[in-house]
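# Architecture and fold: a report
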Amino acid sequence: MSNKITNRQIVCEVLSEHAKTDKNIVVLCSDSRGSASLAPFAKEFPEQFVEVGIAEQDLVGIAAGLAKMGKKAYAASPASFLSTRSYEQAKVDCAYSNTNVKLIGISGGVSYGALGMSHHSAQDIAAMSSIPNMRVYLPSDRFQTRCLFEALLKDEKPAYIRLGRNAVEDTYEEGNVPFEMDRATAVCEGSDALIVACGEMVKPAKDAAALLRQQGISAAVLDMYCVKPLDVNGLLDAAKGKKVVVTVEEHSPFGGLGSMVSQAIGASDPKKVINLALPDAPVITGTSKEVFDYYGLNAEGIAKAVKKNL
Amino acid sequence: MQNLKALSYKLRRDVVDMIMAGKAGHIGGDMSVMETMVSLYFHAMNISPENQDDPNRDMFAMSKGHCVETLYAVLAEKGFFPIEQVIKEYSRFGSKFIGHPNNKLPGIEMNSGSLGHGLPVAVGMALAQKMDKRLSRTYVVMGDGELAEGSVWEGAMSATQYGLDNLCAVVDRNRLQISGTTEQVMHQDSVKERFAAFGWNVLSVDGNDIDAMNAAFDEAKSVKGRPTMIVANTTKGKGSGVMENNVGWHHHVPNQEEYEQIMKDLKAHEEEARA
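What you are looking at is a predicted structure, and each value in this text was computed from that prediction instead of being measured. (Residues numbered from 1 in each chain as written. Chains lettered and ligands numbered in written order. Predicted model: local features only at pLDDT ≥ 70, side-chain atom pairs only at ≥ 80, totals over all residues. Heavy atoms only, no water.)

## Description of unusual backbone geometry
The residue after Lys-228 of chain A, namely Pro-229 of chain A, is reached through a cis peptide bond having omega 5 degrees. With respect to the helices and strands, Pro-229 of chain A occurs in the loop between strand 10 (226-228) and helix 9 (232-239). Look at Lys-23 of chain B: it is not a glycine, yet its phi comes out positive at around 60 degrees. Summarising the element assignment, Lys-23 of chain B is placed in the loop between helix 1 (4-22) and helix 2 (27-32). (Helix = DSSP H or I, 4+ residues; strand = E, 2+ residues; numbered from the N terminus.)

## Details of the interface of chain A and chain B
Each partner contributes residues to the interface: chain A has 23 residues there, and chain B has 26 residues. The junction of chain A with chain B conceals about 2,100 Å² of combined surface from both sides, 57% of it contributed by carbon and sulfur atoms. Together, Lys-68, Met-69 and Tyr-96 of chain A form the three largest contributors to the area buried by chain A at its contact with chain B, with a combined 29%. The interface formed by chain A and chain B includes two salt bridges. For Glu-109 of chain B, the salt bridge identified is with Lys-68 of chain A, shortest N-O distance 3.7 Å. Where chain A meets chain B, there are eleven residue pairs in polar contact (both at pLDDT 80 or more). Here the side of chain A that touches chain B is built from residues that sort into nine nonpolar, six polar and eight charged. (Contact = heavy atoms within 4.5 Å. Buried area = accessible area lost by both parts, 1.4 Å probe. Salt bridge = Lys/Arg side-chain N within 4 Å of Asp/Glu carboxyl O. Polar contact = N/O pair within 3.5 Å; in protein donor to acceptor, adjacent residues only side chain to side chain. Nonpolar A, V, L, I, M, F, W, Y, C, P; charged D, E, K, R; others polar.)

## Quick look at the pattern of salt bridges
Residue and element names in this part refer to chain B. Applying the stated criterion across every chain, the model contains 32 salt bridges over all chains. The residue Arg-173 makes a salt bridge to Glu-183 at a minimum N-O spacing of 2.9 Å. With Arg-173 in strand 3 (residues 167-173) and Glu-183 in helix 8 (residues 182-185), this pair connects stretches of sequence that are ten residues apart. What makes Arg-173 buried here is its relative accessible area of 2%. One salt-bridge network, held together by shared partners, links Asp-144, Arg-173, Arg-175, Glu-183 and Asp-189. (Buried < 20%, exposed > 50% of the residue type's maximum accessible area, 1.4 Å probe, protein only.)

## Quick look at helix 9 of chain A
Residues and elements named next belong to chain A. Within helix 9 the residues assigned to the buried category are Gly-234, Leu-235, Leu-236, Ala-238 and Ala-239. Along its buried surface, helix 9 packs onto strand 8 (193-197), strand 9 (219-223), strand 11 (244-248) and helix 10 (257-268). Gly-241, located one to two residues past helix 9, shows a positive phi value of around 80 degrees.

## As for the nonpolar core
By size, the foremost hydrophobic cluster in this structure holds 103 residues, and its most contacted members are Leu-28, Phe-41, Leu-103 and Leu-235 of chain A together with Met-142, Leu-167 and Phe-195 of chain B. Per element, the largest residue contribution to this core is eight residues, and it comes from helix 6 (residues 118-131) of chain B. Looking at this core, you find at least three residues from each of domain 1 (7-162) and domain 2 (185-308) of chain A. Among all residues touching Leu-167 of chain B, those that are not within four sequence positions of it are Leu-119, Ala-122, Val-123, Ala-126, Thr-138, Val-140, Ala-159, Trp-200, Pro-227 and Thr-228 of chain B. Counting 59 residues, the second-largest nonpolar core is a separate cluster that includes Tyr-72, Ala-76, Ile-262 and Leu-266 of chain B. (Core = buried A, V, L, I, M, F, W, Y, C linked by side-chain atoms within 4.5 Å. Domains from an automatic or database assignment.)

## Things to note about the packing of aromatic side chains
Residue and element names in this part refer to chain B. Throughout the structure, instances matching the rule amount to 14 aromatic pairs over all chains. Look at Tyr-72 and Tyr-90: their rings are 6.3 Å apart centre to centre, the planes differ by 70 degrees, and that puts the pair in the edge-to-face class. In this pair, Tyr-72 is assigned in helix 4 (residues 68-78) and Tyr-90 in the loop between helix 5 (83-89) and helix 6, connecting sequence segments 18 residues apart. The class for Tyr-72 is buried, based on a relative accessible area of 0%. Summarising the aromatic geometry, the rings of Trp-153 and Phe-195 are spaced 4.6 Å apart at their centres and angled 35 degrees between planes, so their arrangement reads as tilted. Taken together, the residues span a long stretch of sequence, with Trp-153 in helix 7 (residues 150-161) and Phe-195 in helix 9 (residues 191-197) at a distance of 42 residues. Here the two residues Trp-153 and Phe-195 agree in accessibility, since each one is buried. Counting every residue linked through ring pairs, the aromatic cluster contains Tyr-72, Phe-81, Tyr-90 and Phe-97. For Arg-12, the ring lying beneath its charged end belongs to Tyr-9, and the centroid distance is 4.7 Å. Lying across the ring of Phe-42, Lys-78 places its NZ or CZ 5.1 Å from the centre. (Phe/Tyr/Trp six-rings, centres within 6.5 Å; stacked < 30°, edge-to-face > 60°. Lys NZ or Arg CZ within 6 Å of the ring centre and 35° of its normal.)

## Focus on the sheet that holds strand 2 (residues 138-143) of chain B
Residue and element names in this part refer to chain B. Strand order in this open sheet of five strands is 1-2-3-7-6, and the pairing throughout is parallel. Each edge of the sheet is formed by a strand with only one pairing partner; in this case those strands are strand 1 (59-62) and strand 6 (201-206). Sheet twist, expressed as the average angle between the axes of neighbouring strands with direction ignored, equals 20 degrees. Sheet topology note: the strand 3/strand 7 (residues 228-233) ladder contains six bridges and is parallel. (Pairing = 2+ DSSP bridges. Axes fitted to C-alpha atoms, helices over the stretch in contact; angles between N-to-C directions.)

Below is the structure:
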């Protein structure tokens, strides 16, 4: 792997750059500044940093109170806890009360690997997407993460953003990052199949398309970093004329990207949609790479699923 | 000067009319928390329809959101909306006057309804006031049954961590919750000691005595370095023997006979207060 910079480090960079001139940016952590890579922010901007201790409900409630007063609140805590322990605060204090709180779920999905199911967040997309007025974003690489946070800083609505723990290989190239807020990004074009992925699964999807190309199969890849609001028009355009759509996500098979893509395709352009996801069970022990390989959430597994269903 | 004692009984009648017309409402807690709310909106807080968007206004969160009828009555009296509109629309199809606070309505800052949310949110508001060096204050009202929610204690901890002397919380200590007495359901008799142990300045007063509530809010304003908790010792269903200390009146719509007796009792209290 060439890239060593994590997406969470980029978040710290972007927030720090803006916090110099925008004193309303406030970052909150629940004893999570280290794991969120936000310690440099806390050090540089102590007046704009709030530590709440290991108390996720307090974290989100306080963030909402700050936001109500005009602050731009960025609350970072492990996705596993943030999306469950403080779910009701996300629903009532952020989404329902419409406060400018950005919930940053760090170490998302199976990032924590061998720490087990308590630390995995394979339900966060489903949980957060089903809250009215809550948006859900899973950026794929460090370049897209920067674009996303630059865009989020400009709006005043709540959102949940899931980030992985480890550095991921670049999907895009520095200086050439196609990005439009709430519009899926076409990673590569193709004519036979469409692969739709989000978060860390975008790079393996891109690699799968390259493998398939070698075998004479043309697959398009769509980066649906905006899981909610799902870019339905972009999806339907990309799916047009394809024989199969394969979705890939680091999430439960229920209520995530696969469910939402299937719903949209089923309603407007019915065709076979295959959902690749984690199992509806505690995942096998291992690093996230070992886990992905085991369940076929890698380039080979995605390519195999496309080929089998063409 | 306005007769706030009399006003408290007049607004209780508005609440009862609201509940009769809307055929719903948490009448027992509405009655117990009335002096707290009247004292806040007519004595302690700097808030009015004219300054509702002023960043220096005082902030309020109704954590015991089910007692929204009293909040509506007080806000209507302050001029945020006409009481006739509330009585006509409360709990009806398509209404904005729903059974819990909703910030699509003027005068309401945060939505609530699920218990245990108000204190952490108020901590955030008070913290923002400190960050921006404002002199304004934040108030939050909780129920006593609500204190069983763990998030209350997360909020209590952070309020002292950040020395929020601009934060004042009230517990409407009416000693009853939906299933019985608080001591039967989940004991709260040590509420003063608990908050004191968390580092709060704690006051315990007769919460149905408007002068005592006014004095408590005044005293809280002079405390430096830590937040204040006012334990407002109240009577659930305060104002009529039909309802007082009757657990069945947590959520109850009076029948016609009960309604007439309650209104008669409330009117008598109001006249006594004016005399």
